[in-house]
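# Structural overview for review
Given next are the chains, with one letter for each unit.
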Amino acid sequence: MNILIIGGAGYIGSHQVKMMLDYHNNVIVLDNLNTGYQEMVDHKAKFIKGDIRDYDLVCSILKNENIDVVMHFAALSLVGVSMSQPSEYYDNNVVGMLNLLNCMKDCNVNKIVFSSTAAVYGEQTKMPIDEDALTNPTNPYGETKLAMEKMIKWFDEAYGIKYVTLRYFNVAGASFDSTLGELHNPETHLIPIILQVALNQREYLGVFGDDYDTNDGTCIRDYIHVEDLCMAHKLAVDYLFETNKSNYFNLGYGHGFSVMEMIEAARKVTSHAIPLKIEARRAGDPALLIASNDKAKKVLHWNPQYDDIELIINSAYQFYLKR
């Protein structure tokens, strides 16, 4: 199978490239390297530097490489930045998706797996969140992802482009051989920042708010190991070819950890004190996000293997130690 992975030099995309190669697929990676790292792309994949918004380039890849399915990971994804720079997020995420779908339509490529987010749900009162919950994003990042979801749906209605949309909760961890992991500059994700403190690269951890309506006042998130996430993507590709039906799924473990609980787990893994300071809330952050994963387990036959927060943190820790 010929697979185009857009954003395959990023954190999740690079793990997905490796997994799809392990299943003997032919993988082509398109990435503009704005946030990705070419050295993270497995050498067995064909790498092309370029932008998803480049119509001629994307069409040439779809045609010349005889692409069977597209996996789309190329989106800006920082909630805080999206609040201050919504124009950039709409341009990269929404315009990029429109260009990709037009290319797929024009080149007769009719299957896509799309990397979406729990941010499309916004604040919810019922937990865990299932796929039928109302979508009401609280930030431009979530709004752009929801717009992209809706765009795919209408391209399916009009042109028969079948899709699986996967709404991630909090992806974390690293490959167990410590060759792939999470690298952002600047870093904004909780586990890497905690580990930067443990590795003496930061003096302390800033905790954004301790007055949320949770047990200890800090935000609660559902953390999922990147390898389990990638397996769900592989199963989504299988689903598309077996059923030729579109669908959407949540990806999480169905339970959450607060920021304070994550710090305590990291202290145990690293044997570091990890000092912290309470800071102001970050704009756009819901208090609680926990996934219902029943649908993914039932329909995709997804069976996550790494639901252990200390294992998740340690896999990331070993990656940073190796670097």
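Notes on the structure in this doc start here. (Residues numbered from 1 in each chain as written. Predicted model: local features only at pLDDT ≥ 70, side-chain atom pairs only at ≥ 80, totals over all residues. Heavy atoms only, no water.)

### Some words on the packing of helix α6 (residues 190-198) against helix α10 (residues 309-322)
Helix-helix packing is characterised by the crossing angle of the two axes and by the distance between the axes. Put simply, α6 and α10 touch, their axes get as near as 10 Å, and they point 55° apart. One element, α6, and the other, α10, form an angle in the oblique class. Considering only the axes of α6 and α10, their crossing is right-handed. In contact with I191, P192 and L195 of α6, α10 contributes I312, I313, A316, Y317 and Y320. (Axes fitted to C-alpha atoms, helices over the stretch in contact; angles between N-to-C directions. Helix = DSSP H or I, 4+ residues; strand = E, 2+ residues; numbered from the N terminus. Parallel < 35°, antiparallel > 145°, perpendicular 65-115°, else oblique. Left-handed = near helix turned anticlockwise from the far one by under 90°. Contact = heavy atoms within 4.5 Å.)

### Concerning the pairing of strand β5 (residues 111-117)
Counted residue by residue, β5 has seven buried out of seven residues, so it is predominantly covered. Side-chain alternation along β5 places K111, V113, S115 and T117 on one buried face and I112, F114 and S116 on a second face that is also buried. Taken together, the three bridges between strand β4 (residues 69-72) and β5 define a ladder with parallel strand orientation. The residue bridging H72 from the neighbouring strand is F114, located in β5. In this structure, β5 lies alongside strand β6 (residues 162-168), joined through seven bridges in parallel fashion. If you follow I112 over to β6, its bridge partner there is Y163. Between β5 and its parallel partner β6, the chain crosses via helix α5 (residues 140-159), and the hand of that crossover is right-handed. (Buried < 20%, exposed > 50% of the residue type's maximum accessible area, 1.4 Å probe, protein only. Pairing = 2+ DSSP bridges. Right-handed = clockwise from strand over helix to strand, strands pointing away.)

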